[in-house]
Amino acid sequence: MHWSEEIALKVIERNPNKEEYVCAAGISPSGSIHIGNFRDIATSYFVVKALRKMGKKARLLFSWDEFDRMRKVPANVAAVRDDFEQHIGKPYTDVPNPFVEDTVNATYAEHFEAEFCESIKRFGIEMDYRHQTEMYRSGKYAEHVIHALRERGRIFDILDRHRTQEAQPGEREAYYPVSIYCPVCGRDTTKIHSISDDCTEADYTCACGHSGHFNFTTDFNCKLAWKVDWPMRWMYEGVDFEPGGKDHASLHGSYDNAKDVAKEIFGYEAPLFQGYEFIGIKGQVGKMSGSSGLNMTPELLLKLYQPEVILWLYSKTEPLKAFDFCFDDGILRQYFEFDKMLNEQREGTLDEYGQAILYNCEVEGRAPVTVPMGLLVQLGSVVDFNPDMLETVFAKIGTPYTKEDCEDRVDRAKFWLEQCAPESVNRLRTTRNWEVYNTLSDEEKEQITRLHALIAKGGYDLDGLNAELYAIPKAILADAGKTATDKELKGIQGTFFKNVYKLLIDKEKGPRLYLFLFAINPEKYVGLLDFSYPMTEEEAKGPEVVEEVAAVNNRGADDLPDEIPPVKDEIDLDDFAKVDLRVCKIVKAQEIRKSHSCLKLTLDDGTDELRTIVSSIKKEWGIDELVGRKIIVIANLKPTRLTGVTSEGMLLAATNHSCGCQLIFVDDSVPTGTVIK
């Protein structure tokens, strides 16, 4: 039985007579939706499909948590706008769209929602959308907000029993499970000072200086805290199942908190919960950078994977097991395995579990053709992904796929080859390769002369060209009155092919030569085989060398390593416990005016506030290399002024002459704020 069916049975068992089951998912449009977030949707979607297969009515409820406060400015937004930190603390729906080229969507939330919804359509997934800004500001949650305020003491006690720290004196009395968005500055930097006996009105002040009176029965510009908001919405929507990241599923994590709040405050049995593992990335997109716009989104994935293959990867992997999206040649293996399973299904030989996996991958109106992706990459590079030529080549090698068969995969194969494996792309030279030509023997030069004459004359078909390539070395031997054994002839022909490759693409090997020469327009390369006229001035200068440098740095010097210093004086565990080491994510990196060695790093340390540190790594680390990476920081180091900036901590790094400054990075699966023990 498929894992989604096991969950569906548990859902039914909990409430067997329910008319319609609700499976939920939700995402905050804090930026481009990452592929890891898609597991939230896929997990619920598969359970909905399993429920329907069992004859039950079910729907997929999707919440846009756009009423959440903006916590930080993502790298792709910071790359186009340097003034967006002013919006931190505002709900995403009140933040303007930072991208001027998007003239359709007015707000930050609308832009990233539209970006995601456009790609989600291609999976054929239908969802019942909830926009939390509309839900709150329309007053639909008003009575539940007031109820939470009346029960704030009990809510505090529930949350407190899941904490490891002791509550501070007066903390319970000052606790309010709601944040008011200030009508002046728009942020949630408000603090409630007093509340009426019936908890319908409150007095508050904001960090911006504004003071106000708030009536919760008529004013709706406020939001419940996450661990109260989540269970309230379970109750409001009647949610039966919702997945979440494994961090939410941990002991005393968000789900444990919300489950108790749901039952004890809102009188609702929390939905069945399924934690899931994070998604890995194997390999890299060659041209990816913070400024390129290539984010790890479903849109990017769809440039590489068909939607069915993406769904297949999620479906075949149990939620608490990790898997990788591959940008290296592992993607070719994944396509092969998908095709094998799909072909077995179509042949009627697939087992029941495999059929359950593929049931989740069906996209209405689509029927993937299992053209081997590895073959598409190999042959596509030969014919420059020309559809007509691909059809011709496939027919020639006995796999008669039509260009229509290839249509859905050919652009993906080309994108993978050019973006993920650019070293495998064959590129014609722009000038004749005299350096190679001058090393050839007279007979080898004659081979090239005859090949040039053949290509220049034209009039050959694919089989004819293949025969001529083998005949040229043989004919030259015969003209010289020489003979050769079959083994010797094969060696001479192999050297001829190798020379042609070097003259055309600067490599000793390449695609099948007759396919390569037949597929490419002869006008593009015939001149590279013509050495009948002298070297030009351009050729005399030598080939232009273009070197791409991602960032100038001094890491990995050839100096001898530093002398190993003696171990410092011993400390005890109490001394070590005083040092607060925690995982922080670099959300912004900036140069500091007049500083030759320091960068200003803005960090997300898992709290509500961002942290700033100054580090002398400018000469060795580029800004694009840092943003988005996770590091270890001494968080309780006394703040100090460095180069005119207050530094609130220190990052950990290993510095040695033999390697330069090597920062200690942390795997992206580790949540920000995690303490190093």
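Residues numbered from 1 in each chain as written. Predicted model: local features only at pLDDT ≥ 70, side-chain atom pairs only at ≥ 80, totals over all residues. Heavy atoms only, no water.

Caption draft 1: The arrangement of the overall build of the protein in detail. Summing up its helical and strand segments, the protein has 25 helices and 22 strands in all. With respect to the three principal axes, the spread of C-alpha positions in the protein is 110 × 70 × 55 Å. Taken across its 677 residues, the protein has 47% of its residues classed as buried. For the protein, restricting intrachain contacts to residue pairs at least 6 apart in sequence, the fraction spanning at least 24 positions comes to 70%. A total accessible area of about 34600 Å² is found for the protein, and carbon and sulfur atoms account for 49% of it. With 82 positive and 111 negative side-chain charges, the protein shows a separation of 1 Å between the mean positions of the two kinds. (Helix = DSSP H or I, 4+ residues; strand = E, 2+ residues; numbered from the N terminus. Buried < 20%, exposed > 50% of the residue type's maximum accessible area, 1.4 Å probe, protein only. Contact = heavy atoms within 4.5 Å. Areas by Shrake-Rupley, 256 points an atom, 1.4 Å probe, with all protein chains shown as cover. Lys, Arg positive; Asp, Glu negative; His and termini not counted. Charge placed at Lys NZ, Arg CZ, Asp CG, Glu CD.)

Caption draft 2: Local environment of the nonpolar core. One finds Phe38, Ile41, Tyr305, Phe325 and Leu451 to be the most contacted residues of the largest nonpolar core, which totals 113 residues. Setting aside its immediate chain neighbours within four residues, Tyr305 contacts Ile310, Leu313, Phe325, Cys326, Ile331, Gln334, Tyr335 and Arg412. In this structure, Val145, Tyr175, Tyr176 and Ile180 belong to the second largest nonpolar core, which totals 31 residues. (Core = buried A, V, L, I, M, F, W, Y, C linked by side-chain atoms within 4.5 Å.)

Caption draft 3: Summary view of helix H20 (residues 462-479). Helix length check: H20 (18 residues) gives 26 Å between terminal C-alpha atoms against 26 Å at 1.5 Å per residue, within 8%. Maximal helix bending in H20 amounts to about 35°, located at Ala471; proline Pro473 follows within four positions. Summarising the contacts, the buried residues of H20 are in contact with helix H16 (387-396), helix H19 (442-457), helix H21 (486-505) and helix H22 (513-519). The opening residue of H20 is Asp461, an N-cap whose side-chain oxygen sits 3.4 Å from the backbone nitrogen of Asp463. (Expected span 1.5 Å × (residues − 1). Bend = angle between axes of the 7 residues up to and from the residue. Polar contact = N/O pair within 3.5 Å; in protein donor to acceptor, adjacent residues only side chain to side chain.)

Caption draft 4: Just the pairing of strand E13 (residues 581-591), in detail. Judged by how many residues are buried, E13 sits mostly within the fold: 8 of 11 residues are covered. Two elements, E13 and strand E16 (residues 630-634), share 5 bridges in a ladder whose sense is antiparallel. The residue of E16 that forms the bridge with Arg582 is Val633. In the sheet, E13 pairs with strand E14 (residues 599-604) via 6 bridges, with the strands oriented antiparallel. What sits directly across from Glu591, in E14, is Leu599. (Pairing = 2+ DSSP bridges.)

Caption draft 5: Up close: the pattern of salt bridges. Tallied over the entire structure, the rule returns 40 salt bridges. With its nearest N and O atoms 3.4 Å apart, the salt bridge here joins Arg161 to Asp260. With Arg161 in the loop between helix H7 (152-160) and strand E4 (178-180) and Asp260 in helix H10 (residues 254-264), the pair connects residues that are 99 residues apart, well separated along the chain. According to the relative accessible area criterion, Arg161 is partly exposed, its value standing at 43%. The partner of Glu344 in a salt bridge is Lys340, with the nearest N and O atoms 2.9 Å apart. With Glu344 and Lys340 both in helix H13 (residues 330-347), this residue pair falls 4 residues apart, about one helical turn. Taking relative accessible area as the criterion, Glu344 reaches 23% and is therefore assigned partly exposed. Connected via shared salt-bridge partners are Glu20, Arg59, Asp128, Arg130 and Glu237. (Salt bridge = Lys/Arg side-chain N within 4 Å of Asp/Glu carboxyl O.)

Caption draft 6: Main features of the sheet that holds strand E7 (residues 211-215). If you walk across this open sheet you meet the 3 strands as E5-E6-E7, and the pairing is antiparallel. Each edge of the open sheet is held by one strand with a lone partner, namely strand E5 (190-195) and E7. Direction aside, neighbouring strands of the sheet carry axes that sit 30° apart on average. Relative to strand E6 (residues 201-206), E5 is paired through 5 bridges, and the arrangement is antiparallel. Directly across from Thr190, in E6, lies its bridge partner Cys206. (Axes fitted to C-alpha atoms, helices over the stretch in contact; angles between N-to-C directions.)

Caption draft 7: Summary view of empty space enclosed by the protein. Evaluated as defined, the whole model comprises 4 cavities of 30 Å³ or more. Here the lining of the largest cavity is composed, by residue class, of 7 nonpolar, no polar and 1 charged. (1 Å grid on protein atoms, 1.4 Å probe; cavity = no way out; pocket = protein on both sides within 12 Å on 5 of 7 lines; lining within 4 Å. Points joined across faces, edges and corners; volume = space filled by probe spheres on them. Nonpolar A, V, L, I, M, F, W, Y, C, P; charged D, E, K, R; others polar.)

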